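# Geometric and topological summary
Spelled out, the chains give:
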Amino acid sequence: MKEPAPKTRRAPKGEKRREELLDAALQVFSLEGYSSASMAQVAAIVGISVAGLLHHFPSKISLLMGVLQRRDEVNQRIADEVRAEKSLSGLLGSLRAINRSNATAPGVVRAFTILNAESLLDTHPAWEWFQSRYAAIHQRMQAQFADLVAAGEVRGDVDIAGLVQEILAMMDGLQIQWLRFPEQVDLVARFDTYIARVEAAIRIRT
């Protein structure tokens, strides 16, 4: 007897509501920042009570963490899809892909940039998250470039730690200029041009 075709599973209602609340929180954080934003504003956008919001996110801090973690999960999926092979082209291509994705979501980038700046104060609830995030990114990227040195793709005299600092500074700083002057700054073209210069400078030519 033939088994019936499995039914397409839909996201549970609670998960859908959670995603709606994260979208609303992003919207509020991008306009107000974390400190000035209120749970009531987020709940109002979704059309539920604050009590309903607290059912999904029991505190403002947990809502903030949900926003930050979802953003990084999206970027990691993009990077993993592009970087199918461990090569210099794959690594730099993953950075370009993340930047292209960011260019389609200015509200997300604005919220993340505001939260990043606010969290420079060690009393901010996201201070530890951003500290750990940047430390992990530095460690991961340095290891990836070191592997490419060992594989003979990247020059051995490259200052890998400095290179990673420079790339992250370009990504973050260029996003700020793009948010301020969206008509003047082409986020994708400018970053792609920069990454092409990086590749030309560090790749071993055979």
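Residues numbered from 1 in each chain as written. Predicted model: local features only at pLDDT ≥ 70, side-chain atom pairs only at ≥ 80, totals over all residues. Heavy atoms only, no water.

As recorded in an unreviewed UniProt entry, the protein goes by the name TetR/AcrR family transcriptional regulator, listed as coming from Pseudomonas azadiae.

Quick look at helix α6 (residues 106-118) now. If you check α6, its first and last C-alpha atoms are 18 Å apart, about what 13 residues at 1.5 Å a residue would give, namely 18 Å. Among all positions of α6, only Val109, Ala111, Phe112, Leu115, Asn116 and Glu118 are buried. (Helix = DSSP H or I, 4+ residues; strand = E, 2+ residues; numbered from the N terminus. Expected span 1.5 Å × (residues − 1). Buried < 20%, exposed > 50% of the residue type's maximum accessible area, 1.4 Å probe, protein only.)

In this fold, Asn99 is placed in helix α5 (residues 88-103). Residues within four places of Asn99 in sequence aside, it is in contact with Leu187, Val188 and Phe191. (Contact = heavy atoms within 4.5 Å.)

What follows deals with the packing of aromatic side chains. According to the stated counting rule, one finds five aromatic pairs in the structure shown. Where Trp129 meets Phe130, the ring centres are 5.0 Å apart and the plane angle is 85°; that geometry is what we call edge-to-face. For the pair shown, Trp129 and Phe130 are each scored as buried. Among the aromatic residues, those joined into a ring-pair cluster are Phe112, Trp129 and Phe130. Sitting over the face of the ring of Phe112, Arg71 holds its NZ or CZ atom 3.9 Å from the ring centroid. A cation sits over an aromatic face here: Arg133 above Tyr134, 5.2 Å from the ring centre. (Phe/Tyr/Trp six-rings, centres within 6.5 Å; stacked < 30°, edge-to-face > 60°. Lys NZ or Arg CZ within 6 Å of the ring centre and 35° of its normal.)

On to the UniProt feature "domain: HTH tetR-type" (unreviewed entry) in the protein, then. Look at the UniProt record and you will see "domain: HTH tetR-type" (unreviewed entry) annotated at residues 15-75. A helix fraction of 87% and a strand fraction of 0% characterise residues 15-75, whose end C-alpha atoms lie 20 Å from each other. (UniProt positions renumbered as here; feature names shortened; annotations may be inferred.)

Our next topic: the pattern of salt bridges. By the definition in use, this model includes seven salt bridges. Note that Glu20 and Arg17 form a salt bridge whose closest N and O atoms lie 3.0 Å from each other. Of this pair, Glu20 and Arg17 both sit in helix α1 (residues 13-36), three residues apart, which is roughly one turn of that helix. Here Glu20 falls in the partly exposed class, since its relative accessible area comes to 29%. On the accessibility criterion, Arg17 (25% relative accessible area) is partly exposed. Put simply, Glu19, Asp23 and Arg70 are held in one network by salt bridges that share partners. (Salt bridge = Lys/Arg side-chain N within 4 Å of Asp/Glu carboxyl O.)

A few words on the UniProt feature "DNA-binding region" (unreviewed entry) in the protein. As recorded in UniProt, the sites labelled "DNA-binding region" (unreviewed entry) are residues 38-57. For the annotated span residues 38-57, helix accounts for 75% and strand for 0% of the residues, and the straight-line distance between the end C-alpha atoms is 13 Å.

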